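Inside the fold
Now for the letters of each chain:
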Amino acid sequence: MNEIEYKLYIDDVIRRVESARLRVSDHHIVKIVAVSKYSTSNEIKKLYNIGQRAFGENKVQDLEKKAQELEDLPLEWHFIGNLQKNKINKLLEINPALFQGLDSLELAHELQKRLVVKDMTLDCLLQINSAKEESKHGILPEDAITTYQTIQKECPNINLKGVMSIGAHSDDKELVKQSFLTTHAIFNKLEGATICSMGMSGDFELAIECGSNMVRLGSIMFNR
Ligand SMILES: *Cc1c(COP(=O)(O)O)cnc(C)c1O
């Protein structure tokens, strides 16, 4: 694909996001985070050149490498993966715009300690394991609101902005929809939460219809 063809291709993805958000409301704005974990810095640059600014990575070392290689571009980096304790300092050095994978109170406490030392704050989303899958990280739905409030109280250097969830791993659309609705219901009950991050390449329209206002699109944005 040359640049013009790529732009037309991405316009089509954007149109799909647009149609889905308009089915919710004229006032429902959805942000696209392009997940670049399977893509090279060069491919990120191509997407940047046609207008994309927010990118997400799920490994700290990949984020570090790409943020460095692309430091001349005004990119907004999101960390969307599981954060191991021994990678916290590295992540804070990169200082991403949003950490979407805060998935336990224990991690929040550890993160808080390091933020204090570095005299920093970090915008974060609490990850919810809404379909209660063994294979996934995140807080169980029944514990989500209490955990969110505890972090707000006990971790003043963590700015909680809302929630993140991965849709149920299933071919049954109803099950996926239920998992999104579960996360959105939690989002609605949280004081001050503004971001509900749900939806990937295979399910973003459904996620938006269930109230998502941030989609994390990997394969579809890089035409894989
Ligand atoms: C990889 C990944 C995505 C994007 O997945 P695609 O199916 O390629 O769109 C979104 N969110 C998280 C947390 C991911 O790890």
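Structure report, in brief.

The rules behind each value
- Residues numbered from 1 in each chain as written.
- Predicted model: local features only at pLDDT ≥ 70, side-chain atom pairs only at ≥ 80, totals over all residues.
- Heavy atoms only, no water.
- Helix = DSSP H or I, 4+ residues; strand = E, 2+ residues; numbered from the N terminus.
- Contact = heavy atoms within 4.5 Å.
- Lys, Arg positive; Asp, Glu negative; His and termini not counted.
- Charge placed at Lys NZ, Arg CZ, Asp CG, Glu CD.
- Near = heavy atom within 4 Å.
- Polar contact = N/O pair within 3.5 Å; in protein donor to acceptor, adjacent residues only side chain to side chain.
- Nonpolar A, V, L, I, M, F, W, Y, C, P; charged D, E, K, R; others polar.
- Salt bridge = Lys/Arg side-chain N within 4 Å of Asp/Glu carboxyl O.
- Buried < 20%, exposed > 50% of the residue type's maximum accessible area, 1.4 Å probe, protein only.
- Expected span 1.5 Å × (residues − 1).
- Axes fitted to C-alpha atoms, helices over the stretch in contact; angles between N-to-C directions.
- Parallel < 35°, antiparallel > 145°, perpendicular 65-115°, else oblique.
- Left-handed = near helix turned anticlockwise from the far one by under 90°.

1. Some details on the overall build of the chain
- Of regular secondary structure, the chain possesses eight helices and eight strands.
- Dimensions along the principal axes, computed over C-alpha positions, put the chain at roughly 50 × 40 × 30 Å.
- Summarising the internal contacts of the chain: among those between residues at least 6 apart in sequence, 59% fall at separations of at least 24.
- Across the chain, the mean location of the 28 positive side-chain charges is 1 Å away from that of the 32 negative side-chain charges.

2. So, the site of the ligand
- What surrounds the ligand is the set Val35, Lys37, Ile80, Ile166, Met200, Ser201, Arg216, Leu217, Gly218 and Ser219.
- Side-chain polar atom of Arg216 to a nitrogen atom of the ligand: 2.8 Å apart, as the coordinates give it.
- Ser219 is positioned such that a nitrogen or oxygen atom in its backbone is 2.8 Å from an oxygen atom of the ligand.
- When grouped by side-chain class, the residues that make up the shell around the ligand number five nonpolar, three polar and two charged.

3. Let's talk about the pattern of salt bridges
- Scanning the entire structure with this criterion turns up 15 salt bridges.
- The residue Glu76 makes a salt bridge to Lys31 at a minimum N-O spacing of 2.7 Å. Highlighted residues: Glu76 in strand S3 (residues 76–79) and Lys31 in strand S1 (residues 31–35), separated in sequence by 45 residues.
- Taking the relative accessible area as the measure of exposure, Glu76 reaches 28% and is therefore partly exposed.
- Lys31 sits in the partly exposed class, given a relative accessible area of 32%.

4. Quick look at helix H5 (residues 105–118)
- Helix length check: H5, at 14 residues, gives a terminal C-alpha distance of 20 Å against a target of 20 Å (1.5 Å per residue), a fit within 8%.
- Taken residue by residue, H5 has Leu107, Ala108, Glu110, Leu111, Gln112 and Leu115 as its buried positions.
- Buried residues along H5 sit against helix H4 (88–94), strand S4 (98–102), strand S5 (122–128), helix H6 (141–154) and strand S6 (158–165).
- Count one or two residues on from H5 and you reach Asp119, which has phi positive near 50 degrees.

5. Some words on the side chain of His78
- If you trace the backbone, His78 turns up in strand S3.
- When sequence neighbours within four positions are dropped, the list of residues in contact with His78 reads Lys31, Val33, Ala54, Phe55, Gly56, Glu57, Leu98, Gln100 and Met214.

6. Some words on the packing of H6 against helix H7 (residues 173–189)
- Running from amino to carboxyl end, H6 crosses H7 at an angle of 25 degrees, the nearest separation of the two axes being 10 Å. With respect to H7, the element H6 is oriented roughly parallel. Handedness of the crossing formed by H6 with H7: right-handed. Contacts between H6 and H7 involve Pro141, Ala144 and Ile145 from the first element and Thr182, Ile186 and Lys189 from the second.

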